[in-house]
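Breakdown of the fold
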Amino acid sequence: MNRYLIKTLSQVIVFALVVSTSQSVWGGYQEGLDAYKRGDYIKALEEFSHLSAQGDALAQFALGQMYRQGKGVPKDTKIALRWYRKSAKQENKFAQHILGFIYEKGISVPKNYNVAVKWFHKSAEQGYANAQYKLGLMYGKGQGVQKDLVLSYMWFSLSVKNGAENAKKNRDLVEKYLSRQEVTRAKQLTRKWEEGYNKKIISKEYRAFQEMQKAGAVTLKLQNLHKQIIAIINDMSNVDSISEGLINNKISSSFAEINGIQQLLKIKLKLDSTKKEI
């Protein structure tokens, strides 16, 4: 039998198995989260470790939390930091916020307000209320940034709007030190930030809606691909009766399907990564 055909068909089959397995990533995360909530930290650690090794940003954050809190593993902030950084580099807002907190307090790292502000900003720009609250404090105190009560007011205001009720007291306190013109300016900045953020969210959600529609076809495409592979295997078992050219055409068709599915899965897994924080 043609070695090229055997090698190519093997690649088709292996990739199909990988694609099928990757669809279970979200299920694995949910299993880990459920285990964590019921106190089964060994099971949670198993699920999160497996997904983290595959590059899942939220699982990496969850694993960092377990090491930082010493749940299911010996408490180890250095290992936690390693997982937080991996997650934060993938734009996980929770991990970015935690890194800001760690550098602000100097937990297992030298205290560094500049680095703390950098991570708080990354998280806050994604609308995370806790990070916005932290920026309100740091602009108010001049930690890691030049002291700016107008920006402090803005970040506290945004934090309140995103659900951090404790930020309201701080915002009202800052307001007492601002002139009427400065308060007006702070409110204008708040509205401007919200408008820009909302436009990004609307655009993102619209794209996500379109992409989710496409991703919904993944299961059907996998089923069709499986049928194609089985047909190719049957043909190859009787290779003397058919032409190699026909098999090559079928393999090329399968690869075209695989490439399409790969792109859809990348979209689907990216959408699935928007999950709740532990």
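Residues numbered from 1 in each chain as written. Predicted model: local features only at pLDDT ≥ 70, side-chain atom pairs only at ≥ 80, totals over all residues. Heavy atoms only, no water.

Examining a positive patch on the surface
Put simply, the test is: Each patch groups residues whose relative accessible area exceeds 30% and which form no salt bridge, using 9 Å between like charges and 5 Å between nonpolar side chains of Val, Leu, Ile, Met, Phe, Trp and Tyr. Here the open area of atoms and residues is found with the Shrake-Rupley method and a 1.4 Å probe, where only the protein chains shown may cover a residue. Whenever Lys or Arg places a side-chain nitrogen within 4 Å of a carboxyl oxygen from Asp or Glu, that contact is recorded as a salt bridge. Residues scored as charged are limited to Lys and Arg (positive) and Asp and Glu (negative), so that His and the chain ends carry no count. In this description, the location of a charge corresponds to atom NZ of lysine, CZ of arginine, CG of aspartate or CD of glutamate. Put simply, DSSP marks the helices as runs of H or I at least four residues long and the strands as runs of E at least two long, and each gets a number from the N terminus on.
A cluster of like positive charges, contributed by Arg 82, Arg 85, Lys 86 and Lys 89, occupies part of the molecular surface. Within the fold, Arg 85 resides in helix α5 (residues 77–88).

Here's the deal with the packing of helix α6 (residues 93–105) against helix α7 (residues 113–124)
Put simply, the rule is: For every element, the axis is a line fit to its C-alpha atoms; helices are fit only across the contacting stretch, and the angle between N-to-C directions ranges from 0 to 180 degrees. Should an angle lie under 35 degrees it is considered roughly parallel, over 145 roughly antiparallel, and from 65 to 115 roughly perpendicular; all remaining angles are considered oblique. For any pair of crossing helices, the crossing counts as left-handed if the nearer helix is rotated counterclockwise from the farther one by less than a right angle, and right-handed if it is rotated clockwise. Residues are treated as being in contact if the distance between any of their heavy atoms lies within 4.5 Å. Any residue outside Ala, Val, Leu, Ile, Met, Phe, Trp, Tyr, Cys, Pro, Asp, Glu, Lys and Arg is labelled polar, Gly included; the first ten of those are nonpolar and the last four are charged.
Closest axis-to-axis distance for the α6/α7 pair is 7 Å, and the angle between their directions is 160°. Considering the angle they form, α6 stands roughly antiparallel to α7. α6 and α7 meet at a crossing whose hand is left-handed. Where α6 approaches α7, its residues Lys 93, Gln 96, His 97, Leu 99, Gly 100, Phe 101, Tyr 103 and Glu 104 are matched on the opposing element by Tyr 113, Val 115, Ala 116, Trp 119, Phe 120, Lys 122 and Ser 123. Each residue belonging to the contact of α6 with α7 can be placed in one class, and the counts come to eight nonpolar, four polar and three charged.

Some points on helix α9 (residues 149–161)
What counts, and what does not: A helix is expected to span 1.5 Å for every residue after the first. Exposure categories follow from relative accessible area, calculated using a 1.4 Å probe and restricted to protein chains: below 20% of the type maximum is buried, above 50% is exposed, and the middle band is partly exposed.
A rise of 1.5 Å per residue sets the reference length of α9, with its 13 residues, at 18 Å; its end C-alpha atoms lie 18 Å apart and thus fit the reference within 8%. Judged by how many residues are buried, α9 sits mostly within the fold: ten of 13 residues are covered. All buried positions along α9 are accounted for by Val 150, Ser 152, Tyr 153, Met 154, Trp 155, Phe 156, Ser 157, Leu 158, Ser 159 and Val 160. One or two residues past the end of α9 sits Gly 163, with phi positive at roughly 110°.

Considering the side chain of Gln 96
The cut-off we apply is this: Two N or O atoms count as a polar contact when they lie within 3.5 Å, although within protein this holds only if one can serve as hydrogen donor and the other as acceptor, and sequence-adjacent residues are included solely when both atoms are side-chain atoms.
With respect to the helices and strands, Gln 96 occurs in helix α6. A distance of 3.4 Å separates a polar side-chain atom of Gln 96 from the backbone oxygen of Ala 88. At a separation of 3.3 Å, a polar atom in the side chain of Gln 96 contacts the side chain of Glu 91. Apart from residues lying up to four places away in sequence, Gln 96 is in contact with Ala 88, Glu 91, Trp 119, Lys 122, Ser 123 and Gln 126.

Description of the confidence of the model for the protein
Heads up, the rule is: Per-residue confidence from the predictor is reported as pLDDT, which spans 0 to 100.
Taken over all residues, the pLDDT of the protein has a mean of 80, while the share at 70 or more is 63%. Confidence drops under pLDDT 50 across residues 4–9; counting only partners more than four residues distant or on other chains, this segment forms 13 contacts. Note that residues 11–23 has pLDDT below 50 and, in this model, 22 contacts with residues that lie over four places away or in other chains.

Concerning the pattern of salt bridges
Applying the stated rule across the entire model yields six salt bridges. Salt bridges here are not isolated pairs; linked through shared partners, they connect Glu 104, Lys 105 and Lys 134.

Considering the packing of helix α4 (residues 57–69) against α5
Direction vectors running N to C along α4 and α5 enclose 160°, while the axes themselves pass 8 Å from each other. When the axes of α4 and α5 are compared, the pair comes out roughly antiparallel. With respect to the hand of their crossing, α4 and α5 are arranged in left-handed fashion. Contacts from Ala 57, Gln 60, Phe 61, Leu 63, Gly 64, Gln 65, Tyr 67 and Arg 68 in α4 reach Ile 79, Ala 80, Trp 83, Tyr 84, Lys 86 and Ser 87 in α5.

Overview of the side chain of Asn 92
Along the polypeptide, Asn 92 turns up in the loop between α5 and α6. Beyond its immediate sequence surroundings of up to four residues, Asn 92 is in contact with Ala 57, Leu 58, Phe 61, Ser 87 and Gln 126.

With respect to the environment of Lys 93
Inspection of the secondary structure puts Lys 93 in helix α6. In sequence terms Lys 93 and Ala 131 are 38 residues apart; their C-alpha atoms lie 8.7 Å from each other. Discounting chain neighbours no more than four positions away, the residues touching Lys 93 are Ser 123, Gln 126 and Tyr 128.

Notes on unusual backbone geometry
Of all residues except glycine, most have a negative phi; of all peptide bonds, most are trans. Phi angles above zero are rare outside glycine, and Glu 91 is one such case at about 70°. Mapped onto the secondary structure, Glu 91 falls in the loop between α5 and α6. You can call Glu 91 partly exposed: its relative accessible area is 46%. At Ser 108, a residue that is not glycine, the phi angle is positive and equals roughly 65°. For Ser 108, the location among the structural elements is in the loop between α6 and α7. Using a relative accessible area of 44% as the deciding quantity, one classes Ser 108 as partly exposed.

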